[in-house]
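Here's the letter readout for the chains.
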Amino acid sequence: MNPKDALHQFFGFDSFRGSQAAIIDRVLGGGHALVIMPTGAGKSLCYQIPALIPCDDEQSQRPAVTLVLSPLIALMKDQVDALRARGIEATYINSSLSREERVRRYSEVAEGRYRLLYVTPERFRKPEFREVIGRRHVRLLAVDEAHCISEWGHDFRPDYSRLIEIRELLGQPTTIALTATATPDVQTDIVRQLGLRPDEIELFHEGIERPNLRLDVQEVWGDDEKLEHIVAVHGRHSASTGSGIVYFTLIRTLERFSELLRQRRVPHVCYHGDLERNDRRRIQNEFMQGHCPLVLATPAFGMGIDKEDIRFVLHAEIPGSMEAWYQEIGRAGRDGLPSDCLLLYDEADLTTQMEFIRWSNPDTDFYHRVYDLVAHDHERATAFGLDWLREQLHAKQKHDHRLETVLGMLERYGVIEGTWEDESLQIEVLSELPDELLDRNRLAIKLRHDQEKLLALVRLIRHDGNRMAFIHEYFGQGRKLATSIERP
Ligand code: ADP
Ligand code: MG
C-alpha cells in the first residue's frame, strides 16, 4: 500500500493537498519534518497516513506504532473516534480515563495493539507508561501543536521541553512537529528542543494564510464604540446558522458587556475561567451543538473548540501577542466560508496586557522566595496550599500568577515534582535552584520577548500598508530555518 492508496482506502479522499504528499514521503524515508500549516489545512494526515503504511520492521520483535503527542486532552477523544470510525486502530491514554480503562489500554499497547497512540507529554512522567511504550517500536513521533515546546512561544507547556529526553527514551525516532503558528525564533527553538540540528530537519512552511478570513482592525475609544462594533458584526451574521465568539481579556469587562448586550436584547452566553468546571463543559457542548450562536469568552475558551461554522471572531480587548491573536482568529471559518475577524483596539487596554506580561515574568528575588517557602517551609506549604503561599509572598492580586509561573518553571527544571491544582499543593523538592533560572540576563530577554510579541500586534494595528504581508513577515513565511536565535 502506498500513501495514495491509504488516502483512498481509509479516508476516501482523491488527492493530497499542498505539501502533504512531500511531507509524508519525507517521514516515510526516515527524515524529520517541521510542518507549519494553517488550521484546517490538514496537518493530521501528515502523520496518520505514514502510520498506516506497513513498514519493514513490523516483522521485528517490537511491533511498530506512531506516537502522537498532543497537549489537548479535550480533542484526543474526538480525533481517535474519527479514526476508529474509519477502521483505523487508534487509541489515546490520558488522565480523563478511569484507572481500569487506563490499565486496560496499557496492556493492549504492550501487547502490540494500535497503529496510532495519542498521549500528552505528561504521560512520560509515569513509569508504567515508559515501560509499556518501551515494548513498542515507535516508528514515528508526531508532536502536534509544536509551538507549545517553546518557552518563547505563546502557549508554553513545561512538559513539551522534555522532548530531548522523550526522544532518547524512544530510541531517536523519526519525528514530525506540526503547528499553525510559529515565528522564526520559535521554529528554531522547536528544532533545538527536539535535540536536532537545523540541517537534520526539513521545514515545510505552507504559510499561515486563511483566504476566507477577512481581517480588520478598528481603533476605538471606550465601551460605547466597542459595543456598536459588536452589535454590528453580530447583526451582519444573524441570518447565518453559524456562531460567533467575542474575546475579552478580563472577566470584569466580559461581564460588563454581557449586561450591555442583555439590555440590547442580544442573546448570548458567557464562558470564562471563574465558572464551575461543569458549567464550562455544558456551555462548550451547547456551543458545539450550535445552541448558542454568540459566546462572550476569555482565552480560556478555545482549546478543543473545533466547530466548523464560526462566522466571526471579534476581539473586544487586545490579546497578549500576535500569536495568541492569530491562534484565536484561526477558529473562524474552518468550513472555508467567508468569516470576519475584527480586532478592536483601545489604547487603554494595552496597560492590562503589559501588566499580564509583568506577572508572567517573575524576577530572581521572587524565585528565591518561592523556593525558600516550598523547600524550607515544606510542611506548611503543602498543608495550607497555594493560597497560603500567595499570602506569604504578598502576591494576592487578581492577575498575579507569578507563583504558578515559578512552580511551572521549577518543575520544568526538575527542582520540584508533583501537582498543584485548586489551591492544593502536593510536591517534593528534589534539588537546589539552578543558576539558569536565576540568570537575570535570561529573565530580562524573556521579558523583552514577551513585550515585543505584544508590540508586534500594536504595530500591525498601526500598519498602513498590507497587513497580511506584515503577518507573513512576522511568521517568517518564505524563509528558511534560521540556525541561531538570540538566547543567553
Ligand atoms: P489541521 O490539523 O491542520 O488544523 P486537520 O488535519 O484537522 O487540520 O484537517 C482538517 C480537515 O481537512 C479534516 O476534516 C480533514 O479530513 C480534511 N483534509 C485533510 N487533508 C485532506 C485531503 N487531502 N483531502 C480532503 N480533505 C482533507
Ligand atoms: Mg490539528
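Residues numbered from 1 in each chain as written. Chains lettered and ligands numbered in written order. Predicted model: local features only at pLDDT ≥ 70, side-chain atom pairs only at ≥ 80, totals over all residues. Heavy atoms only, no water.

Right, let's get into the nonpolar core. One finds L67 and V143 to be the most contacted residues of the largest nonpolar core, which totals 73 residues. Formed jointly, this core draws a minimum of three residues from each of two domains, domain 1 (3-205) and domain 2 (213-346). Not counting residues up to four positions away in its chain, the partners in contact with L67 are L117, V119, F124, F129, I133, V138, L140, L141, A142 and L170. Core analysis: the next-biggest nonpolar cluster, separate from the first, contains 34 residues, M37, I49, L52 and V68 among them. (Core = buried A, V, L, I, M, F, W, Y, C linked by side-chain atoms within 4.5 Å. Buried < 20%, exposed > 50% of the residue type's maximum accessible area, 1.4 Å probe, protein only. Domains from an automatic or database assignment. Contact = heavy atoms within 4.5 Å.)

A few words now on the site of ligand 1. For ligand 1, the set of nearby residues contains 13 residues, the closest of which are S15, Q20, G40, K43 and S44. In the model, an oxygen atom of ligand 1 is placed 3.3 Å from a nitrogen or oxygen of the R17 side chain. At 2.6 Å, a backbone N or O of G40 approaches an oxygen atom of ligand 1. Surface burial for ligand 1 is 70%, taken as the share of its 570 Å² of free accessible area covered by protein chains. Its residues assigned to classes, the shell around ligand 1 comprises five nonpolar, six polar and two charged. (Near = heavy atom within 4 Å. Polar contact = N/O pair within 3.5 Å; in protein donor to acceptor, adjacent residues only side chain to side chain. Areas by Shrake-Rupley, 256 points an atom, 1.4 Å probe, with all protein chains shown as cover. Nonpolar A, V, L, I, M, F, W, Y, C, P; charged D, E, K, R; others polar.)

Time to look at the domain arrangement of the chain. For the chain, the assigned domains read domain 1 (3-205), domain 2 (213-346) and domain 3 (357-438). Of note, the centres of domain 2 and domain 3, computed from C-alpha atoms alone, are 33 Å apart.

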